[in-house]
Amino acid sequence: MSNSDLTSLLFVLLLLVAMAQFLGYFFVKLRQPKVVGEIAAGIVLGPALIGRLPLASGFVEASKHHDSILNFVYWLGLLLLMFLSGAETRQLFSREERREVGWLTIVGTGIPFALGLGLGPWLIRPALAGPNGNRISLVIILAIAVAVTSVPVVSKIFADLKILHTRFARLVLGVAVLEDIGLWLALGVATALAGKTVLDPGQVSYLLIATVAFYALGLPIVPRMVGRINKSRFNVLARHSPVGYALAVLLGYCVVAGLLDVSLVFAAFLAGFAVVHKKRKLFAQALDAISQISFAFFIPVYFAIVGLKLDLVRGFSLSMLAAFLIGSCAVKVLSVSIAGRFAGFRGLDLINLAITTNARGGPGIVLASVAFDAGIISATFYTTLVLTAVLTSQLAGSWLEYVLRKGWPLLTPSTATESSQLAAAEAPCSPA
């Protein structure tokens, strides 16, 4: 790479990360999810806005020229995001509120996913399919897109509103964690089947078995093995370079997954789940260091490139967006409301749970980008999925901020003690 090529590449990265951080900060000040601002950075720099101006022709040309390197940074940001999401997921598992979480997960997620699988063959159209999108993979993506809930965006909204330690937050995050684990498995199956016009039963069986086996080993068994290796006195790398060791676990998982034809995104998630200790005592500082550099550069650039890929001029269909947004939200909200009634919730509790679990956020965007990169979905459907994730996340954040500002309870307190704790948690967000 010549000096001029390197300079132009650094110029592109500078604009992407600077715009992502600036708009992310701006959206946080507006009480909106930061990820929305980071995606907006790519849209602003892309062909829909600044990219159409003659002055921005240098950025557009440089982006096209360095497409392969930007694609690598994009994938690295995605893998780091999933790795850190897996590490965060390990900490969220709790035995509390198992009955409520069970109902909300089985019914609130199961109904949308089952409806997506059942009605998908009649709902999919040629306009949804990408070059590698066969019927089965496309139906699976549609079902996941209807059912998914965001862990990173929802937890960030809770943190910003200072309600992260409430019963409401525990319930929603518990449901989202269990959802994501099951849906990432389904995404791994969909990407494994992508591009196969004629499905060979033997090959399909291998892909399914490999994905399920990788999942089955990666959740309960391998983390225990990695945990023993983590604490071993022979593990020189872990002692002298914890950050390097954690990244080595991530890369090792991805290499094994690639050799088995399993989704690398799925592998990165399981790597994060494996490397962290249940109580986050081991490698806490290493994970924090990886998190700081990832959320400072790689992950914002990833979301900015997601926005950059959105073609709001030629790859946008208002009718498709309206149909999918209204249909998927109606199914999700109704399903969670039914699940909430089974779990014993009523009234405003149901509305709060339904709107919050309807936030697609990061996982919805990851789903769209992975499916688009695998050639399963078209550019128009990709734009629809990303915009749906953004709009539902904005709705959830705005609604919760409104509820707290009004002084309404997020959940009807189950005990007098919890009532006082909830009031204390919500006090900073209530009007003076």
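## Let's talk about the overall build of the chain
A count of helices and strands for the chain gives 19 helices and zero strands. When burial is assessed residue by residue, the chain has 53% of its 432 residues classed as buried. Across the chain, the fraction of contacts at a sequence separation of at least 24, relative to all contacts at a separation of at least 6, is 80%. Put simply, the chain shows about 19,400 Å² of open surface, and 67% of that area lies on carbon and sulfur atoms.

## Focus on empty space enclosed by the protein
Per the stated rule, a full pass over the model turns up three cavities of 30 Å³ or more. Around the second largest cavity, the lining residues are A145, V148, F324, R360, G364, L367, L385, T388 and A389. Elements represented by at least two residues in the lining of the second largest cavity include exactly helix 17 (361-373) and helix 18 (379-406). Top contributing element to the lining of the second largest cavity by residue count: helix 18, with three residues. By residue class, the composition of the lining of the second largest cavity is six nonpolar, two polar and one charged.

## Examining the packing of aromatic side chains
The tally for this structure, following the rule as stated, stands at eleven aromatic pairs. By the ring-pair criterion, three or more aromatic residues cluster together here, those being Y74, W75, Y302 and F303. Of note, K309 hangs over the ring of Y74, and the distance from its end group to the ring centre comes to 3.7 Å.

## Quick word on the pattern of salt bridges
Under the definition given, this model contains three salt bridges. Residues R405 and E401 are paired through a salt bridge, measuring 3.2 Å at the closest nitrogen-oxygen approach. Placement of both R405 and E401 in helix 18 is noted, with a separation of four residues, approximately one turn of the helix. Note on E401: relative accessible area 15%, which makes it buried.

## Brief notes about the packing of helix 6 (residues 110-123) against helix 15 (residues 318-342)
Running from amino to carboxyl end, helix 6 crosses helix 15 at an angle of 140°, the nearest separation of the two axes being 8 Å. One finds that helix 6 runs oblique with respect to helix 15. Residues I111, P112 and L115 of helix 6 pack against V331, K332 and S335 of helix 15. A class-by-class count of the residues in the contact of helix 6 with helix 15 yields four nonpolar, one polar and one charged.

## Quick word on the confidence of the model for the chain
The predicted model of the chain averages 81 in pLDDT, with 85% of residues at 70 or higher. By mean pLDDT, the top-scoring element of the chain is helix 15 (92), and the lowest-scoring one is helix 19 (residues 416-426) (45).

## Remarks on the layout of surface pockets
Computed from the structure, the second largest pocket encloses a volume of approximately 600 Å³. In this structure, the second largest pocket is lined by 22 residues; those nearest its centre are K64, D67, I305, L308 and K309. Ranked by the residues each element gives to the lining of the second largest pocket, the list is headed by helix 3 (residues 57-65), at four residues. Its residues assigned to classes, the lining of the second largest pocket shows eleven nonpolar, five polar and six charged.

## A word on the environment of N358
Topologically, N358 is positioned in the loop between helix 16 (348-357) and helix 17. When the C-alpha atoms of N358 and S393 are compared, they prove to be 7.8 Å apart, with 35 residues separating the residues in sequence. In this view, N358 contacts S328, C329, K332, V333 and T392; residues no more than four positions away in its chain are not counted. There is a polar contact of 2.7 Å between the side chain of N358 and the side chain of R360.

## What to know about the nonpolar core
Residues L16, I39, F83, Y302 and I377 are the most contacted members of the largest nonpolar core, which totals 100 residues. Those residues in contact with I377, other than ones at most four positions away along the chain, are L128, A129, G130, L138, I141, A368, A371, F372, Y382 and L385. Of all hydrophobic cores here, the second largest spans 28 residues; its members include V175, V336, A339 and L410.

Rules used in this analysis
Residues numbered from 1 in each chain as written. Predicted model: local features only at pLDDT ≥ 70, side-chain atom pairs only at ≥ 80, totals over all residues. Heavy atoms only, no water. Helix = DSSP H or I, 4+ residues; strand = E, 2+ residues; numbered from the N terminus. Buried < 20%, exposed > 50% of the residue type's maximum accessible area, 1.4 Å probe, protein only. Contact = heavy atoms within 4.5 Å. Areas by Shrake-Rupley, 256 points an atom, 1.4 Å probe, with all protein chains shown as cover. 1 Å grid on protein atoms, 1.4 Å probe; cavity = no way out; pocket = protein on both sides within 12 Å on 5 of 7 lines; lining within 4 Å. Points joined across faces, edges and corners; volume = space filled by probe spheres on them. Nonpolar A, V, L, I, M, F, W, Y, C, P; charged D, E, K, R; others polar. Phe/Tyr/Trp six-rings, centres within 6.5 Å; stacked < 30°, edge-to-face > 60°. Lys NZ or Arg CZ within 6 Å of the ring centre and 35° of its normal. Salt bridge = Lys/Arg side-chain N within 4 Å of Asp/Glu carboxyl O. Axes fitted to C-alpha atoms, helices over the stretch in contact; angles between N-to-C directions. Parallel < 35°, antiparallel > 145°, perpendicular 65-115°, else oblique. pLDDT = per-residue confidence, 0-100. Polar contact = N/O pair within 3.5 Å; in protein donor to acceptor, adjacent residues only side chain to side chain. Core = buried A, V, L, I, M, F, W, Y, C linked by side-chain atoms within 4.5 Å.

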